[in-house]
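What follows is the residue order along each chain.
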Amino acid sequence: MLKKQRLNLNGLRVLNTRPQPQGQALNQAINEAGGQAISCPALTICAIPPTFWLPSLPPLSTIKQVIFTSVNAVNCFFDGLKKQSIDWPKSIIVIAIGPSTAKALTQYRIPVHSTPSISDSEHLLVLPPLQQIERQHILLVTGEGGRTLIAETLTARGCNLTILKVYFRARPQLNNTELTVLWRNN
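So, here's what we can say about the structure. Given the structure is predicted, the values throughout are model-derived calculations rather than measurements.

1. Topic: the overall build of the protein chain
Next, step 1: Within the protein chain, the regular secondary structure consists of 7 helices and 7 strands.
Next, step 2: Tracing the protein chain from N to C terminus, the helices and strands come up as β-α-β-β-α-β-α-β-α-α-β-α-β-α.
Next, step 3: Across its three principal directions, the C-alpha atoms of the protein chain cover 60 × 50 × 30 Å.
Next, step 4: The proportion of buried residues among the 186 residues of the protein chain is 38%.
Next, step 5: Of the accessible surface of the protein chain, which amounts to about 11700 Å², a share of 53% is contributed by carbon and sulfur atoms.
Next, step 6: Looking at the protein chain, you have 18 positive and 9 negative side-chain charges, and the mean spots of the two groups are 6 Å apart.

Structure below.
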């Protein structure tokens, strides 16, 4: 039986460019492995106010399946629903792009029915619930930008697809003085 080896970063300084709050978990893992995490998010996740996307949300009772493409999509969507006091029906089949997204859904008490073995669009699209979808109402909850493969494929399969963009990525405000000091201090 193989023992799982623990990563030892032996005091290495590691630049973490993940956005917050996801970057916090990586910082913690780096520090626990003996490294020194330096947080410098390369982008910021900004929730789109629900007043912008709620008018596009069809009645949830008409939705057969919903696909969440990221943890950010889950958080922005359900935080938006909560602000509007909208309840989630148990009849909807919920699909998560990967295990982190599925975990985020369970934090909102949303059961996940399907997750691909590999967290990408191609593996998501081969899931059994997404094969015979003609005339089904499917909701795709995502952010602005990114790949269009999921939407294009589902539309080609004949479903009635609603795409809700609930967040966008922005360039963060960086403290250039702090970054210069870190750079100069190796």
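After presenting the structure, the write-up continues.
2. Focus on the pattern of salt bridges
Next, step 1: Summed over all chains, the structure comprises 2 salt bridges.
Next, step 2: Between Glu134 and Arg135 there is a salt bridge, and its shortest N-O distance comes to 3.6 Å.
Next, step 3: The class of Arg135 is exposed, set by a relative accessible area of 64%.

3. Side note on the sheet that holds strand β6 (residues 137–143)
Next, step 1: Within the open sheet, the 5 strands sit side by side as β3-β7-β6-β4-β5. Their pairing is mixed. Looking along the sheet, the strands with just one partner apiece sit at the ends: β3 (44–47) and β5 (93–96). Looking at each pair of strands side by side, their axes are set apart by 25° on average, direction ignored.
Next, step 2: Pairing geometry for strand β4 (residues 65–68) and β5, over 4 bridges, is parallel. Among the inter-strand pairings, Val66 is bridged to a residue of β5, identified as Val94.
Next, step 3: Packed on one face of the sheet, helix α3 (residues 71–83) meets β3, β4, β6 and β7 (160–170) and runs near 100° to β7.
Next, step 4: Across the sheet, helix α6 (residues 149–156) lies against β4, β6 and β7, angled at about 175° from β7, the strand it touches most.

4. Regarding helix α4 (residues 99–107)
Next, step 1: For α4, the complete set of buried residues consists of Thr101, Ala102, Ala104 and Leu105. All buried residues of α4 fall inside an arc of 160° around its axis, so they share one side. Exposed side chains of α4 directed beyond 90 degrees from the buried face belong to Pro99, Ser100, Lys103 and Gln107.
Next, step 2: Buried residues along α4 sit in contact with β4, α3 and β5.

5. Some details on the environment of Ala47
Next, step 1: Secondary-structure assignment places Ala47 in strand β3.
Next, step 2: C-alpha of Ala47 to C-alpha of Val112: the two residues are 65 residues apart in sequence and 23 Å apart in space.
Next, step 3: Residues contacting Ala47, with those up to four places away along its chain left out, are Cys76, Val166, Tyr167 and Phe168.

6. Quick word on α6
Next, step 1: For α6, the set of buried residues is Ile150, Ala151, Thr153 and Leu154.
Next, step 2: In this structure, the buried side of α6 is in contact with β4, α5 (121–124), β6 and β7.
Next, step 3: Positive backbone phi, at 95°, marks Gly158, one or two positions downstream of α6.

7. Examining the nonpolar core
Next, step 1: Counting 28 residues, the largest nonpolar core has Phe68, Phe77, Phe78, Trp88 and Val166 as the members making the most contacts within it.
Next, step 2: Among the elements of the structure, β4, α3, β5, α4, β6 and β7 are those that each provide at least two residues to this core.
Next, step 3: Apart from the residues lying within four places of it in its own chain, the contact partners of Trp88 are Leu60, Val66, Phe68, Phe77, Phe78, Leu81, Val94 and Ile110.
Next, step 4: The next biggest cluster of nonpolar side chains, apart from the first, holds 14 residues, and it includes Ile67, Ile133, Leu140 and Ala151.

What counts, and at which threshold
Residues numbered from 1 in each chain as written. Predicted model: local features only at pLDDT ≥ 70, side-chain atom pairs only at ≥ 80, totals over all residues. Heavy atoms only, no water. Helix = DSSP H or I, 4+ residues; strand = E, 2+ residues; numbered from the N terminus. Buried < 20%, exposed > 50% of the residue type's maximum accessible area, 1.4 Å probe, protein only. Areas by Shrake-Rupley, 256 points an atom, 1.4 Å probe, with all protein chains shown as cover. Lys, Arg positive; Asp, Glu negative; His and termini not counted. Charge placed at Lys NZ, Arg CZ, Asp CG, Glu CD. Salt bridge = Lys/Arg side-chain N within 4 Å of Asp/Glu carboxyl O. Pairing = 2+ DSSP bridges. Axes fitted to C-alpha atoms, helices over the stretch in contact; angles between N-to-C directions. Contact = heavy atoms within 4.5 Å. Arc of directions from axis to C-beta. Core = buried A, V, L, I, M, F, W, Y, C linked by side-chain atoms within 4.5 Å.

Any functional reading would require information beyond the geometric quantities listed.
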